Amino acid sequence: YMLRNTDSSYVRSLSPSPAYLSKLGGLRDHKPDAKTVVSVGMAGGEDLCALSRLYGDKIRLIGLDVSPIAIELARSATIAAGIDAEFIESDATNINLPEASVDGFVLSAVLHEIYSYADDGKAAFVKTIEETLSKLSENGCLFISDFAAPRIVGPVSVTPKTAYAASFIKYFTQSFRQFHSGYR
């Protein structure tokens with residue numbers, strides 16, 4: 001659904017905001033000579049596009065995601081933007097890269113997903129941090145940007161305003177993510 005219904009204007013619009021570039025700039029400031037940076041849970045490739053703007057073409061960019069759909073979206077985005085990137089389909093608790101081989105990891109809005117959708121969220125969260133730290137090179141940088149979900153008591157209801165939104169919500173809840181039984 002997402003690949004069929006994502007037009008090229010979306011791919012071209014993946015331009016990171018100045019505020020986000022400034023935050024990610026901390027990674028570049030800490031590790032200006034980085035050779036390899038991995039975006040974990042890179043979804044549509046936004047972080048890869050931002051990292052390319054910060055580092056130029058002198059860096060090996062790797063996007064890692066559990067979703068083959070996200071990988072295809074990110075691949076399309078990076079190709080359209082002229083960015084050379086590699087992709088790994090894997091979950092974040094078992095990253096198939098050599099120990100101490102990555103200069104920077106970006107975990108942007110992914111840790112809450114790992115926690116929420118794993119059978120044992122706390123264990124998966126901890127394993128993800130351990131896994132990324134084991135892959136970091138000496139003086140490497142782990143960039144984490146995330147948020148906490150609000151504490152909601154009771155079922156959550158979504159009322160789409162358009163047929164397009166309704167079709168996306170149906171796809172998202174039935175095909176892309178599995179929600180708790182309280183979701184309707």
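Quick look at the structure, then. What you see is a predicted model, and the numbers here were worked out from it, not measured in a lab.

1. Focus on the overall build of the protein
Looking only at helices and strands, the protein features 7 helices and 5 strands. Reading the protein from its N terminus to its C terminus gives the helix and strand order α-α-β-α-β-α-β-β-α-α-β-α. When the 184 residues of the protein are sorted by exposure, 39% land in the buried category. Considering only contacts within the protein whose residues lie at least 6 apart along the sequence, 75% involve residues at least 24 apart. When the accessible surface of the protein is summed, it comes to about 10,700 Å², and 54% of that surface belongs to carbon and sulfur atoms.

2. Thoughts on helix α3 (residues 46-55)
A large share of α3 lies buried, amounting to 8 of its 10 residues. Among the structural elements, α2 (18-30), β1 (36-40), β2 (60-65), α4 (68-80), β3 (85-89) and β4 (102-108) are those in contact with the buried residues of α3. Gly56 sits one or two residues past α3 and shows a positive phi near 75°.

3. What about the pattern of salt bridges?
Summed over the entire model, instances satisfying the criterion amount to 6 salt bridges. Across the salt bridge formed by Glu86 and Arg60, the nearest N and O atoms sit 2.8 Å from each other. Taken together, the residues Glu86 in strand β3 and Arg60 in strand β2 connect sequence positions 26 residues apart. Residue Arg60 is classed as partly exposed on the basis of its relative accessible area, which comes to 36%. In this structure, Glu131 engages Lys135 in a salt bridge whose closest nitrogen and oxygen atoms are separated by 3.7 Å. Remark: Lys135 and Glu131 occur in helix α6 (residues 121-135); sequence separation between them is 4 residues, near one turn of the helix. Of the residues examined, Lys135 reaches a relative accessible area of 6% and is grouped as buried. Through salt bridges that share partners, Glu99, Lys127, Glu131 and Lys135 make up one connected network.

4. Here's the deal with the environment of Ser22
Secondary-structure assignment places Ser22 in helix α2. The sequence separation of Ser22 and Leu54 amounts to 32 residues, and the corresponding C-alpha distance is 9.4 Å.

5. Points about the sheet that holds β4
If you walk across this open sheet you meet the 5 strands as β3-β2-β1-β4-β5, and the pairing is parallel. Strands at the two margins of the open sheet, each flanked by one partner only, are β3 and β5 (136-145). Taking each pair of neighbouring strands and ignoring which way they run, the sheet shows an average axis angle of 20°. On top of the sheet, α3 reaches β1, β2, β3 and β4; it is set at about 165° to β2, its chief contact. Packing of α6 onto the sheet brings it into contact with β1, β4 and β5, and relative to β5 it is tilted by some 145°.

6. Some points on unusual backbone geometry
Residue Ala43 is not a glycine yet carries a positive backbone phi of 45°. Its place among the elements puts Ala43 in the loop between β1 and α3. Backbone geometry places Ala100, a non-glycine residue, at a positive phi of 55°. Considering the arrangement of structural elements, one finds Ala100 in the loop between β3 and β4.

7. Notes on the pairing of β1
The element β1 is largely enclosed, with a buried count of 5 among its 5 residues. Side chains Thr36, Val38 and Val40 of β1 all project onto a buried face; the interleaved residues Val37 and Ser39 project onto the opposite face, where all are buried too. Here β1 runs beside β4; their pairing, made up of 3 bridges, is parallel. Bridge assignment links Val38 to a residue of β4, and that residue is Phe105.

The rules behind the values
Residues numbered from 1 in each chain as written. Predicted model: local features only at pLDDT ≥ 70, side-chain atom pairs only at ≥ 80, totals over all residues. Heavy atoms only, no water. Helix = DSSP H or I, 4+ residues; strand = E, 2+ residues; numbered from the N terminus. Buried < 20%, exposed > 50% of the residue type's maximum accessible area, 1.4 Å probe, protein only. Contact = heavy atoms within 4.5 Å. Areas by Shrake-Rupley, 256 points an atom, 1.4 Å probe, with all protein chains shown as cover. Salt bridge = Lys/Arg side-chain N within 4 Å of Asp/Glu carboxyl O. Pairing = 2+ DSSP bridges. Axes fitted to C-alpha atoms, helices over the stretch in contact; angles between N-to-C directions.

Such coordinate-based values are descriptive only and should not be taken to indicate function.
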